[in-house]
Amino acid sequence: MDERAALTLLAEELEAVGDDAAIVDDLVVTTDMLHERTDFPPGTSRYTAGWRAVGASLSDVAAMGAEATAAVAAYAAPEFDPDELLAFVRGARDVCELVGARYVGGDLDGHQEFTVTTTAIGHTDDPVLRSGASPGDVVCVTGNLGRSAAALELFQRAERATPDRTEKPDADIRERANDLFRFEPRVDAGLALASHATAMMDSSDGLSRSLHQLGEASGCGFAIEADRVPIADALAAIGDGDERTGDTLERALTFGEDFELVVTLPEDALESARAACPVPLTRVGQVVDREEGVTIDGDLLPDRGFTHGDP
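Residues numbered from 1 in each chain as written. Predicted model: local features only at pLDDT ≥ 70, side-chain atom pairs only at ≥ 80, totals over all residues. Heavy atoms only, no water.

Chemist: So what exactly am I meant to see when it comes to unusual backbone geometry here?
Modeler: Even without a glycine there, the phi angle at Glu257 is positive, about 65°. Within the fold, Glu257 resides in the loop between helix 10 (246–254) and strand 9 (261–265). On the accessibility criterion, Glu257 (7% relative accessible area) is buried. Not every positive phi belongs to a glycine, and Asp297 is a case in point at roughly 50°. Structurally, Asp297 is set in the loop between strand 11 (294–296) and strand 12 (299–300). The exposure class of Asp297 is exposed, given its relative accessible area of 54%. (Helix = DSSP H or I, 4+ residues; strand = E, 2+ residues; numbered from the N terminus. Buried < 20%, exposed > 50% of the residue type's maximum accessible area, 1.4 Å probe, protein only.)

This is the structure:
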């Protein structure tokens, strides 16, 4: 059973499963687990790991249109290196401070593989769910897509630079990769968009998969225009410089782990939403009837994206 099938099974067993976070009264609660083998490429610093792990949970809070309050992390590793542990905590603390939240500790445990479980909490009295999109709405994304795909390519290039491992990997490439891997959770954008949005989620599994998930929750389809998809300059730069090549666009659509927001809203609310949003908000398409499916330039857009547990 893969992750999607497991979630479907649990949705039949548990109430209120299916959004980025749970709502308990006015409290938003979410949790995530990341592993070294699947989530932290070789060369990822512990500071970046702390930032990214906690940031992933803060992104879920953002997707609910909620204010971020605090986060905790359970840190497990084969051994507790003091420099690595302090770097992790500092990364976790810094990403919390960036979005106005507090990092308030967690737990430590021994484990054969570096593994992190994070929990973030937030507050809202009017959460934005995935289930409110309607045909006629527009669909938009914050920021741009492909930043994490570019980071992974740079991590791999740094490793390939010294195949015999007799020298350290290229420090400049690795530093750039870590910089790209530290994303800003869109908490401020989520708060700004909440009053305009009909549905919202983050793009942690990729835009393609996010659209399919939104479509399932809202009972609708989407018509996306390829030339509107905002692609990160870093992703185009590691290729041939053309952001509209098939491979570059494919990675922007399906790689995931960018933690941008995917939001639907009435067309007449688009300009006011753009004015309120603190980061670029790009219209990428339209909400259509469910029977039309999820398409890009008229062709079916496959349900492909990041799956937790993939090596």
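Next comes the rest of the write-up.
Chemist: Explanation requested: the sheet that holds strand 12 in the structure shown.
Modeler: Working definition: the strands of a sheet are paired by backbone hydrogen bonds and lie parallel or antiparallel to each other. What the seven strands build is an open sheet, ordered 7-9-6-10-8-11-12; its pairing is mixed. Taken across any chain shown, the strands that pair with only one partner, and hence form the sheet edges, are strand 7 (199–202) and strand 12. (Pairing = 2+ DSSP bridges.)

Chemist: When you look at the pairing of strand 2 (residues 27–35) in this model, what are you seeing that I'm missing?
Modeler: Side-chain direction in a regular strand flips from residue to residue, so the side chains alternate between the two faces of the sheet. Burial of the side chains of strand 2 is restricted to one face: Val28, Thr30, Asp32 and Leu34 are buried, whereas none of Leu27, Val29, Thr31, Met33 and His35 on the reverse face is. Across three bridges, the pairing between strand 1 (residues 22–24) and strand 2 is antiparallel. Across the sheet, Ile23 pairs through a bridge with Val28, a residue of strand 2. In sequence, strand 1 turns back onto strand 2 through a hairpin of two residues, with Asp25 there showing a positive phi of about 55°. Here strand 2 runs beside strand 5 (residues 115–123); their pairing, made up of nine bridges, is antiparallel. Bridge pairing in strand 5 places Val29 opposite Ile121.

Chemist: Is there a simple way to explain the packing of aromatic side chains in this structure?
Modeler: Any pair of aromatic rings gets described here by the distance separating the centres and the angle formed by the planes. Following the criterion strictly, the structure yields eight aromatic pairs and no others. Among the aromatic residues, ring-to-ring pairing joins Phe40, Tyr75, Phe80, Phe88 and Phe114 into one connected group. (Phe/Tyr/Trp six-rings, centres within 6.5 Å; stacked < 30°, edge-to-face > 60°.)

Chemist: It is not clear to me how the UniProt feature "binding site: Mg(2+) 2" (unreviewed entry) in the protein should be interpreted in this structure. Could you clarify?
Modeler: As recorded in UniProt, the feature "binding site: Mg(2+) 2" (unreviewed entry) lies at Asp32 and Asp60. Maximum C-alpha separation among the annotated residues is 9.4 Å over a sequence range of 29 residues, consistent with a single clustered spot. Relative to the elements of secondary structure, Asp32 occurs in strand 2. Here Asp32 is in contact with Ala56, Ser57, Asp60, Val116, Thr117 and Thr118, once residues within four sequence places are set aside. Of the polar contacts made by the side chain of Asp32, one reaches the side chain of Ser57; its length is 2.7 Å. Assignment of secondary structure puts Asp60 in helix 3 (residues 46–63). In this structure Asp60 comes out as buried when scored by relative accessible area, which is 8%. For Asp60, the residues in contact, after removing those within four places along its chain, are Asp20, Ala21, Thr30, Asp32 and Asp202. (UniProt positions renumbered as here; feature names shortened; annotations may be inferred. Contact = heavy atoms within 4.5 Å. Polar contact = N/O pair within 3.5 Å; in protein donor to acceptor, adjacent residues only side chain to side chain.)

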